[in-house]
Structure formats: C-alpha cells, structure tokens
Amino acid sequence: MEKRTDKNSYTIIFAIAMVVVVGVILAGLFGWTKPMITVNEEIEKQQNILYAMGINNNDDTSANFVSTDEAPELFKKYIKKQLVVSSDGKFTENNQAYLIDVKKEQAKAKAGEARQLPLFVGEDEKGKKYYIAPIRGKGLWDAIWAYVAMDENMVVQGAYFDHKGETPGLGANIKQRFFMDDFIGEHLMSNGNFKGINVAKGNADPKNNDKTDNEVDAIAGATITGDGVSAMIRSDLKLYVPYFKTLKQ
C-alpha cells in the first residue's frame, strides 16, 4: 500500500523532527563552546582591570587592551590583591573576586541582601598603587559599565567604559579615549565628602584643566548616556568610601 506524504500531518511531523534535531545540535554546540566562552569572559575582565590602571597597548588616539595571550600573566604580575569589600569598609581577600557578577550583586542589594563589592589592588613598576572598582549602570538603551582605578584619596587614575547598545557615534563614544582620558586626575571627593563626577553638558571647563570641580565635559548628543555614567559613578563608587577611610587610619 503506497504511503501518502502530502498530508498536513507529515509536514507537521517533519517540522517537529527538524526542530528536535536542530535543538539537540545547538545544545551540543553550546555545551562544547561554553568553557571557551567562560575563559574569554574572564580574560576580558582581566584586560578591563589592567586597562584602567594603565596597563594597555594604547596608541596616540585609540584604546587598546593588552593581548589575550598576555592578559593572564600580566594580571598576576600587576594585581597584588583581590578584595571583597563590605558596606562598613571591612574586607576579605578573594583570589576569584574578578569573577563576581556586579549585575547580580546589584540585584541582591535591591532585594535587601548584603552586596559583595569587588576591589582590585594593583601596583605598577614604580610601586604606585591603584584601587580598581567595577561599576555598572543604565545608559540610553541598555547597560553601561566601567572599571575605575583610583588612588588612596579616591582620585581617578584611569578608567575603562563600555556599553551594550548605546548609539554609534553618540553614546557609544564613552569607550573612546577622548572621553575616558578626561576622568584621569578627577577627584571623587570634595571637602571630605563623596561627590562623584558629573558628566556635564555646557561644562565651563571644556579642556578639563580643573580636576577638583567633580565634572567632565559631556559627549555632544549623548545626554542620557552621560547622565547614566554620572549616576553609575555616584551610586557604585560611593559604596567604597568606608573602605578608603580605613586606608587613612
């Protein structure tokens, strides 16, 4: 008896079978590539942290990380301690602190749980110390984040900003040298109190000569992204103030 394959039931069965087969293949590929993705994400975090403290391959205008091959060894060389800081300034050492997910920690804090604050203590060839903190916020379209390197007085020594989906040529320029370098030397404190850094439209100091005004010049056409950067700095870096006060004791 001849089978008929032009019925709708055969089409549906064939479609279901294809979905199952493709699903199995994709699941297998995900399982195979997941360890590589995880390693790449870890190396990227190391590159971000190193970049903020000035260990990078920058040229005159472009922002460039150290290579993925170099990053793990350079991270071990320059990052002397990895800390987990609490809201009262107490801390513990944790060699896996760079793996802490800032987004998840922010969600925990909103739920009323204690938040872990990762902090990385770096030291360059001249013995200068850097305290690098990861921060995260909201831009115009999606998440923005940064790694900010400070000295013991919470004066910015370097920063790396990035984003998930800001507008090319506008908000996306937060990861360009001309914007990131403006933060170097800026004071987060003012008269003993935390003030942050405001990304200011119409800043009266466009050449950024005044490092104690708690302002940097905004990116033209990217007001909301700039406001997100300002808010991110205020909300997240303020949490580290109790720890920095312990350095003065």
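Placed above this text is the structure.
What counts, and where the lines are drawn
Residues numbered from 1 in each chain as written. Predicted model: local features only at pLDDT ≥ 70, side-chain atom pairs only at ≥ 80, totals over all residues. Heavy atoms only, no water. Salt bridge = Lys/Arg side-chain N within 4 Å of Asp/Glu carboxyl O. Helix = DSSP H or I, 4+ residues; strand = E, 2+ residues; numbered from the N terminus. Buried < 20%, exposed > 50% of the residue type's maximum accessible area, 1.4 Å probe, protein only. Expected span 1.5 Å × (residues − 1). Core = buried A, V, L, I, M, F, W, Y, C linked by side-chain atoms within 4.5 Å. Phe/Tyr/Trp six-rings, centres within 6.5 Å; stacked < 30°, edge-to-face > 60°.

**Student:** Looking at this structure, how should I read the pattern of salt bridges?
**Tutor:** Opposite charge on two side chains lets them pair, provided their charged atoms get close. In this structure the tally under the stated criterion is 6 salt bridges. In this structure, glutamate 73 and lysine 76 form a salt bridge, with 3.8 Å as the shortest nitrogen-oxygen distance. Of the two residues, glutamate 73 and lysine 76 both sit in helix α2 (residues 71–78), 3 residues apart, roughly one turn of that helix. Taken as a pair, glutamate 73 and lysine 76 share a single burial class, namely exposed.

**Student:** Would you mind showing me how to read helix α5 (residues 223–237) here?
**Tutor:** Since the α-helix advances by 3.6 residues per turn, residues separated by three or four positions end up pointing in the same direction. When the terminal C-alpha atoms of α5 are compared, their 21 Å separation across 15 residues agrees well with the 21 Å that a helix rising 1.5 Å per residue should span. The complete set of buried residues in α5 reads Thr225, Gly226, Gly228, Val229, Ser230, Met232, Ile233, Asp236 and Leu237.

**Student:** Sorry, what's going on with the nonpolar core here?
**Tutor:** Nonpolar side chains in soluble globular proteins tend to be buried together. Within the largest apolar cluster, 38 residues are counted, with the highest numbers of intra-cluster contacts made by Phe161, Phe183, Leu188, Val229 and Leu237. Met53, Ile79, Val84 and Tyr98 belong to the second-largest nonpolar core, a separate cluster that totals 21 residues.

**Student:** Can you help me understand unusual backbone geometry in this one?
**Tutor:** Trans is the common state for peptide bonds, and a negative phi is the common state for residues other than glycine. For asparagine 191, which is not glycine, the phi dihedral falls at a positive 55 degrees. As for its position among the elements, asparagine 191 is in the loop between β7 (189–190) and β8 (193–194). Exposure remark for asparagine 191: the relative accessible area of 78% places this residue in the exposed category. Even without a glycine there, the phi angle at asparagine 214 is positive, about 55 degrees.

**Student:** Would you take a moment to explain the packing of aromatic side chains for this structure?
**Tutor:** Note on aromatic pairs: each is described by the distance of the centres and the angle between the planes. Under the criterion given, the structure shown has 11 aromatic pairs. Between the aromatic rings of phenylalanine 65 and tyrosine 160, the centroid separation amounts to 5.0 Å while the plane-to-plane angle is 55 degrees, which identifies the pairing as tilted. Of this pair, phenylalanine 65 sits in the loop between α1 (8–52) and α2 while tyrosine 160 sits in strand β6 (residues 156–163), placing them 95 residues apart in sequence. Judged by relative accessible area, tyrosine 160 falls into the buried class, the value being 5%.

Any link to function would need more than the numbers given here.
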